[in-house]
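The chain contents come next:
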Amino acid sequence: MKEIDFEHKMAAHCESGTVTALLNHKGLDITEPMVFGISGNIFFGYFESSNFSFPTFIVRNKPGSIRKNFGKITGVKFHTKQFKSEEKGREYLNSLIDRNIPTATQVDFYYMDYLPEWQRVHINVHFVTVIGKNETKYLVSDSYFPEKATIAVNRMTKARFVNGFMAPKGFLFYPEYIPDNINLEKAIIKGIKKSAYNMVKLPVPFLGIKGMRKFAKKVTEWPKIARDIDHLSHEIMKITLLLEDQGTGGAGYRYLFATFLQQAAEKLNEPSFNDMSKRMMKIGDNWRNISYFAAKIGKNRDLGPERLKELSNMINDRADEEQVFFTDLYKFVE
Amino acid sequence: MKKDDVYVDFKPHQLVLYIEQDDESYGPLLTGSFMAKNYLDDYFEKIEKWEKSLREQLKKGEISPVYYYMILQEYGEGDLASRAGVSKRKLKQHFKMENFKKLKLTRLKKYAEAFDIPLASLFQLMISKPDESDKISIKQMETDNPYFIISKVELA
């Protein structure tokens, strides 16, 4: 098998992990929290959409925005391409591997057969880096798997060309130009400003802090739309999965963002960001308590109105904390 | 949180969490999944219950295989409709056997692709007794003909 010399590392999140690994490979020394923070990706949104099987929430910005925002803010240029034809998409990816270019591609997570079955769900916004191939298989570096993994060419092609919500259309990218002198200080400030703006100033009723409050209100109504108590238990326990297990670095990216602020404090020599970092870590601990609570009441089927109200209050408390936190953070960088 | 608060020993499902390290700096920790370690049995129990209940409805003709697989694979209706190339209204019609049975082969193939199953699995379920499931293996092999598979039954 042809294999590109590429350092495989697990990461908290697939997109920030993929972008970071590709930048590291191209010679830019930068951490995953820094890429996540600069791209302004800490977020919250509550969605009721037919694209999901049940109401759900997100704790990061739109898929693709880590690469896009990071590039825009730092001047790094990414080569990107989408395809109408499967065959052309496969040939193009193969030609990049032949030229020794590790290439990230967007896939339906479900087809990543090397992961345990309970982890794999249909979601079209997973990113892996292709780092080798032979006639029948690709070699990939996936942020969610401890080792380099292989996947059959036909499975990978299917994963890249499925239809549906946010269909990948074979999307791929790699960094093609990194400026010599990136102004990291300026980039950090821009990332913080974007993050804080998204959380407290976006005028959309289901995004940012407003989204958290909507989630807190709506979760008490979930029994009305669940098929039965087991389904309700499943959806309540998915809160824990979304916060902890689906590539967030824990506590719905709050720990990753706290780490970014700590690293920002050092880069900018700005001790106040250290204090903010500690506050965010504490907020993360409180989100993690929600994770433990949701898992426990879900497992015990202890899902009566009082218990869901308790969960709702916990979410509202996080909204209160983050309202103050991100307002303070915005003032720092305004 | 610190390492001792979050570390879970569970090799089959690993992930990276960011934690407070001993020197008070924050950084990554490779750990097992807390959810997978503690709640997998509960997860599989629920899936099994759903499958049995949906299978009963399917046997009685109360639901179609499209509905059966959609629920088990946790598809949103909008997402599945888009993958199968139908409107949401049409998709809902296909939840009923009376409409499912009128579907063209090409449409059925689209559904099978979305569910990542052979076309034949829209018309049959292959099951074994629970205590014998590890003694028999059934491999469904694709052929060059996208409308035809070979199922190979072997003693494991």
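Residues numbered from 1 in each chain as written. Chains lettered and ligands numbered in written order. Predicted model: local features only at pLDDT ≥ 70, side-chain atom pairs only at ≥ 80, totals over all residues.

Here's the deal with the overall build of chain B
Let me state the cut-off plainly: Strands here mean DSSP runs of E at least two residues long; helices mean DSSP runs of H or I at least four residues long; both are numbered from the N terminus. Throughout, radius of gyration means the C-alpha value; the globule benchmark is 2.2 Å times the number of residues raised to the power 0.38. Exposure classes come from backbone-placed C-beta atoms, where a residue is buried if 20 or more other C-beta atoms lie within 10 Å of its own, exposed if 12 or fewer do, and partly exposed in between. Residues are treated as contacting if the C-beta atoms built from their backbones sit within 7 Å of each other.
For chain B, the count of helices and strands is seven helices and four strands. By the compact-globule yardstick of 15 Å for 156 residues, chain B is too spread out, its C-alpha radius of gyration being 21 Å. Across its three principal axes, chain B shows a C-alpha extent of roughly 65 × 45 × 35 Å. When the 156 residues of chain B are sorted by exposure, 25% land in the buried category. A separation of at least 24 residues holds for 31% of the contacts in chain B among residues at least 6 apart in sequence.

Some details on the nonpolar core
We apply this condition: To form a nonpolar core, buried Ala, Val, Leu, Ile, Met, Phe, Trp, Tyr and Cys residues must be joined through C-beta atoms within 7 Å.
With 96 residues, the main nonpolar core has A:Y255, A:L256, A:F257, A:L261 and A:M280 as its most contacted residues. No other element matches the nine residues that helix α11 (residues 271-299) of chain A contributes to this core. Ignoring sequence-local partners within four residues, the contact set of A:M280 consists of A:R254, A:F257, A:A258, A:L261 and A:F325. In this structure, B:Y69, B:M70, B:A81 and B:L91 belong to the second largest nonpolar core, which totals 16 residues.

Here's the deal with the packing of helix α2 (residues 34-59) of chain B against helix α3 (residues 65-72) of chain B
Residue and element names in this part refer to chain B. Here is the rule we go by: Axis definition: a line fitted to C-alpha atoms, limited for helices to the stretch in contact. Angles are taken between N-to-C directions and run from 0 to 180 degrees. Small angles under 35 degrees read as roughly parallel and large ones over 145 as roughly antiparallel, with 65 to 115 read as roughly perpendicular and the rest as oblique. Classification used: nonpolar for Ala, Val, Leu, Ile, Met, Phe, Trp, Tyr, Cys and Pro, charged for Asp, Glu, Lys and Arg, polar for all others including Gly.
Direction vectors running N to C along α2 and α3 enclose 170°, while the axes themselves pass 10 Å from each other. In terms of axis orientation, α2 runs roughly antiparallel to α3. In contact with W50, E51, L54 and L58 of α2, α3 contributes P65, Y68, I71 and L72. For the contact of α2 with α3, the residue count by class is seven nonpolar, no polar and one charged.

Let's talk about the domain arrangement of chain A
Just so we agree on the cut-off: Segmentation of the chain into domains, including their bounds, is taken from an automatic or database domain assignment.
Domain annotation of chain A identifies domain 1 (2-10 + 80-177) and domain 2 (184-333). Spacing between the C-alpha centres of domain 1 of chain A and domain 2 of chain A amounts to 30 Å.

Concerning helix α7 (residues 105-115) of chain B
Residues and elements named next belong to chain B. Basically, it comes down to this: What the arc covers is the set of directions going from the helix axis to the C-beta atoms.
Where α7 is concerned, the buried positions are Y111, A112, A114 and F115. The arc that holds every buried residue of α7, seen down its axis, measures 160°, which confines them to one face. Seen from the open side of α7, the exposed residues pointing more than 90 degrees away from its buried face are L105 and T106. Close packing links the buried residues of α7 with α3 and α4 (77-84). A positive backbone phi angle near 60° is found at D116, which sits one or two residues after α7.

Quick notes on the interface of chain B and chain A
Chain B puts 37 residues into the contact, and the matching count from chain A is 40 residues. Counting residues per element, the ones that place at least two in the side of chain B that touches chain A are β1 (14-20), β2 (26-32), α2 and α4 of chain B. The biggest single contributor to the side of chain B that touches chain A is α2(B), with nine residues. Broken down by class, the residue content of the side of chain B that touches chain A amounts to 18 nonpolar, nine polar and 10 charged.

Some points on helix α6 (residues 184-200) of chain A
Residues and elements named next belong to chain A. Rule in force here: Every helix has an expected span of 1.5 Å times one less than the residues it contains.
The end-to-end C-alpha distance of α6, which contains 17 residues, comes to 24 Å, matching closely the 24 Å that a straight helix rising 1.5 Å per residue would cover. When we look at burial in α6, the residues that qualify are A187, I188, G191, I192, K194, S195, A196, N198 and M199. Lining the buried residues of α6 we find α2 (32-38), β2 (42-47), α3 (65-74), α7 (208-218), α10 (254-268) and α12 (305-333).

Some points on the pairing of strand β5 (residues 103-107) of chain A
All names here are of chain A. Put simply, the test is: Strand pairing follows a simple DSSP-based rule, namely that at least 2 bridges must link the two strands.
Of all five residues making up β5, five are buried, and the element is well covered by its neighbours. Side-chain alternation along β5 places T103, T105 and V107 on one buried face and A104 and Q106 on a second face that is also buried. Two strands pair when backbone bridges link them, and β5 and strand β9 (residues 172-177) are joined in this way by two bridges, in the antiparallel orientation. Each bridged residue has a counterpart across the sheet, and for T105 the counterpart in β9 is L172.

Comments concerning the environment of A:I101
All names here are of chain A. Checked against the element boundaries, I101 lands in the loop between α4 (86-98) and β5. By C-beta crowding, I101 is classed as buried, having 20 other C-beta atoms within 10 Å. As for I101 and I131, which are separated by 30 residues in sequence, their C-alpha atoms are 7.7 Å apart. What I101 contacts, discounting residues up to four positions off in sequence, is L96 and Y174.

Comments concerning the environment of A:S85
Tracing the backbone through its elements, the reader meets A:S85 in the loop between β4 (77-81) and α4. The exposure class assigned to A:S85 is exposed, which follows from the 11 C-beta atoms found within 10 Å.

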